[in-house]
Structures are given as C-alpha cells and as structure tokens.
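For reference, the chains in residue letters:
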Amino acid sequence: MVGLAVHHIQLAVTDGLIALSKFQKVGFRLFAQSTYANVRQWALRSGSARFVISEIKNKECDVASESREIKSLSHLPVILPSFMCPKLIWESTSQVDTVFNVAFEPVNIEKTLKVASENGAEVLHELSTISDGDVGSVQFAVIKSCLGNVIHTLIDSSQYKGVFLPGFTSASDKDTNTSCVTHFDHITFACHEGTMKDVMGWYEQCLGMKRLFINRK
C-alpha cells in the first residue's frame, strides 16, 4: 500500500464561466484562480472536496512554443501539466467538456511514482519541484492512467503554505452555506465492456489500491 488521498479533480471545458456557475449553484465556493496564455483556471471547494475548472483558450497551440513560454514563467500552472499542450488533451476527448485529471496526494510521492513506473505506468512528467517565493514549494509528477485521456497528477504540497498551488491567487465567493458536500466518497470511471479486470489490476499494481467489495454475491 502506498497511501493516497484525492487532492483535486480537474475538468477541461470550453466555457469556464458556465462551468463555474454550475458548481456555485450547488454550493461550491471559488477560492483560487489563475490565468495564462492558453489556460484560465478556477479552483472551487466544498468541505475537503476540490474541483479545478480549466478553460482552454487556444486548442491549436504549438507544443514547442508553449513549452518555451511555460519555462519563462516564474509561477507554473502545476495542475494543468505545463509540459502538455491543451490541444493534446482535447484531441482524445473530441473537444467536449470532460474530467481529464484526477490528482492524488500520496503519503510518499517518490515511492508512489517508483511503484507506478515499475509496474508499467507511463510517466508523462518526472518528479519536479516548483517554488513559489516565501510560501514554499510543491513536488509533482504526472502519470497516464489506463483509461483514455485520464491522467493522474501526483502532488506533495506538505511544504506549501499558499492558497492552493503555485500560480494561483486567492479568490472568494460569498458563503452561501448551501452545499452538503463534505468530501469525495469515491470516483467512478466508465470503461469498455470486458476491461474492468484490467483496469482494476492497473490501479492495484500501479497505485497500490485494493478492491472494495460492495456485493459479494
């Protein structure tokens, strides 16, 4: 067992303000945001459950040019992996609004990445550290899941005291006290018929998860 907690769930959308409004209507509160050349992002929370909405501004960007631009920034948008052109995300989703990143915070990020890599997970971004001035630093790595366009960002934010993650600034909504959401209970993936065993095996071997038997009959 490597030990994981859900850090946040991230969506790629065509219209961030519409998505933001939908979350706010069910009681999620905006608490952080960031803006870059090709991406605008909003972080929302209710209890310990956190979502990030990423609005892709330019789906036809050039991978090399974006990489050069990102490297020149003092604060990197860590939760939209900066090495990945937004176009690469949308190519595999038919450019529809979708969850594409389920980010985990492991107990030991180095061990988690090592176990995942040794068991066949494709590492999209090796372990890196992003510093954010006096508020600390964040370690992160990214692996590709076994399910379509879904990636997993591994995050260690134990040394970070900022509002959310590097690159984000504080934002606030009026507290409506209308949400009953306290935490993520579980995450469900839709997979092709006949592949469930392989999917479960991937998460068991790469991320150390164990099957929870809901019905033993």
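About the thresholds
Residues numbered from 1 in each chain as written. Predicted model: local features only at pLDDT ≥ 70, side-chain atom pairs only at ≥ 80, totals over all residues. Heavy atoms only, no water. Helix = DSSP H or I, 4+ residues; strand = E, 2+ residues; numbered from the N terminus. Buried < 20%, exposed > 50% of the residue type's maximum accessible area, 1.4 Å probe, protein only. Core = buried A, V, L, I, M, F, W, Y, C linked by side-chain atoms within 4.5 Å. Contact = heavy atoms within 4.5 Å. Expected span 1.5 Å × (residues − 1). Polar contact = N/O pair within 3.5 Å; in protein donor to acceptor, adjacent residues only side chain to side chain. Pairing = 2+ DSSP bridges. Axes fitted to C-alpha atoms, helices over the stretch in contact; angles between N-to-C directions.

Thoughts on the side chain of His7
Then comes step 1: Here His7 shows up in strand β1 (residues 4–13).
Then comes step 2: Using a relative accessible area of 2% as the deciding quantity, one classes His7 as buried.

Some words on the nonpolar core
Then comes step 1: Ranked by internal contacts, the top residues of the largest apolar core, which has 17 residues, are Ala32, Ala43, Ile155, Phe164, Leu165 and Phe168.
Then comes step 2: Only β2 (29–35), β5 (98–106), β7 (137–144) and β8 (151–156) provide two or more residues apiece to this core.
Then comes step 3: Sorting elements by how many residues they give to this core places β7 first, with three residues.
Then comes step 4: Sequence-distant contacts of Ala32, defined by excluding residues within four places in its chain, comprise Gln41, Trp42, Ala43, Val163, Phe164, Phe168, Thr169, Ser170 and Ala171.
Then comes step 5: One finds Val102, Phe104, Ile109 and Leu113 within the second-largest nonpolar core, a separate group that totals 15 residues.

What about helix α5 (residues 196–207)?
Then comes step 1: Spanning twelve residues, α5 covers 16 Å between terminal C-alpha atoms, matching the ideal 16 Å at 1.5 Å per step.
Then comes step 2: The complete set of buried residues in α5 reads Val199, Gly201, Trp202, Tyr203, Cys206 and Leu207.
Then comes step 3: Considering only its buried residues, α5 is in contact with β1, β5, α4 (109–118), β7 and β8.
Then comes step 4: One or two steps after α5, the chain reaches Gly208, where phi turns positive at roughly 70°.

Observations concerning the side chain of Ser54
Then comes step 1: As for its placement among the helices and strands, Ser54 is situated in strand β4 (residues 49–56).
Then comes step 2: On the accessibility criterion, Ser54 (0% relative accessible area) is buried.
Then comes step 3: Polar contacts involving the side chain of Ser54 include one to the side chain of Gln41, which spans 2.7 Å.
Then comes step 4: Excluding anything up to four places from it in sequence, Ser54 contacts Gln10, Leu11, Ala12, Val13, Val39, Arg40 and Gln41.

Side note on the sheet that holds β8
Then comes step 1: Read from one edge of the open sheet, nine strands run β6-β7-β8-β5-β1-β4-β3-β2-β9, paired in mixed fashion. Where the open sheet ends on each side, the last strands, each with one partner, are β6 (122–131) and β9 (169–170).
Then comes step 2: Of the pairings in the sheet, the one linking β2 to β9 comprises two bridges and is antiparallel in character. Bridging from a neighbouring strand, Ala32 pairs with Ser170 of β9.
Then comes step 3: In the packing of α4 onto the sheet, the strands contacted are β1, β5, β6, β7 and β8, and the crossing angle to β7 comes to about 15°.

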